[in-house]
Amino acid sequence: MKPLFIALLLCVGLTSAKAQMLEKKSFMVMNGYGYCHNEFADGFGTVTTFLRSVNRWWGYGADLGITTGKGTEGPWGSNHEMRDTRMTRYFIGPSVYFTPLNIKRHLFYIGATVGYAHNNQINLLTEKQDNVFAKRWLTDKENGFGFGANAGYSFKLAEHWSIGARAYFHHFNEYSISGLLNLGIHF
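Residues numbered from 1 in each chain as written. Predicted model: local features only at pLDDT ≥ 70, side-chain atom pairs only at ≥ 80, totals over all residues. Heavy atoms only, no water.

Peer 1: Break down the overall build of the protein chain for me, with residues and values.
Peer 2: Scanning the protein chain for helices and strands turns up one helix and eight strands. In the protein chain, buried positions account for 36% of the 187 residues. Sequence-distant contacts, at least 24 apart, represent 58% of the contacts inside the protein chain between residues at least 6 apart. For the protein chain, the computed accessible surface area is about 11,000 Å², with 68% contributed by carbon and sulfur atoms. (Helix = DSSP H or I, 4+ residues; strand = E, 2+ residues; numbered from the N terminus. Buried < 20%, exposed > 50% of the residue type's maximum accessible area, 1.4 Å probe, protein only. Contact = heavy atoms within 4.5 Å. Areas by Shrake-Rupley, 256 points an atom, 1.4 Å probe, with all protein chains shown as cover.)

Written out as structure tokens, the structure is:
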């Protein structure tokens, strides 16, 4: 049984290696759009990745993302205070991708990025004072460095096109997790 397993493993490895040599595309652009859950708000996000493959295992490039969302919390206490949150995050940074499965039709990848991030959070606070609702706005803008990680799968529809899905995690003071439907262009 053990020799059969080793032979099967070698056969799959050689087939994968041969398939790797059939198609050599150096550049890839992936654009993903989908649902995003932020720490205090839910919404949608988009991430665009520009990637150059060094070899079949590694690539480097840049990730550019925007997440947006809104949420409501409360009411709290006797004054019925509520908070409506509108949040937007922009991030951009260099990225590194590892592709453990990169054959003719299938591409599985994991990646990491570290770079600039900007959060823009607007809160509308509503509270009841003397049976009258009072509203006030609070705006919070932050700039700094954040980090991200993602994993995904793409199926190559044609020589230059692929479609797939990926999960993208980004953290800068607050986290955001996105489930994205991905469209890729290979050239």
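Moving on from the model shown.
Peer 1: Please set out the confidence of the model for the protein chain residue by residue, giving values where relevant.
Peer 2: Predicted confidence across the protein chain gives a mean pLDDT of 86, with 87% of residues reaching 70 or more. When mean pLDDT is compared element by element in the protein chain, strand β7 (residues 161-172) scores highest at 96, while helix α1 (residues 2-22) scores lowest at 50. Considering only residues more than four positions removed or in separate chains, one finds that residues 14-22, a stretch of pLDDT under 50, has nine contacts. (pLDDT = per-residue confidence, 0-100.)

Peer 1: Residues and numbers for the packing of aromatic side chains, please.
Peer 2: Geometry of an aromatic ring pair is reported as the spacing of the ring centres plus the angle between the planes. By the definition in use, this model includes seven aromatic pairs. Between the aromatic rings of Trp57 and Phe98, the centroid separation amounts to 6.4 Å while the plane-to-plane angle is 20°, which identifies the pairing as stacked. Separated by 41 residues along the polypeptide, Trp57 in the loop between β2 (42-53) and β3 (58-76) and Phe98 in strand β4 (residues 81-102) bring together distant segments of the chain. Relative to Tyr168, the ring of Phe91 lies with its centre 5.7 Å away and its plane at 25°, an arrangement referred to as stacked. Residue Phe91 is found in strand β4, and its partner Tyr168 is found in strand β7; the two are separated by 77 residues along the sequence. Looking at Phe91, the relative accessible area reads 4%, which means it is buried. Taken together, the ring pairs connect Trp57, Trp58 and Phe98 into an aromatic cluster. (Phe/Tyr/Trp six-rings, centres within 6.5 Å; stacked < 30°, edge-to-face > 60°.)

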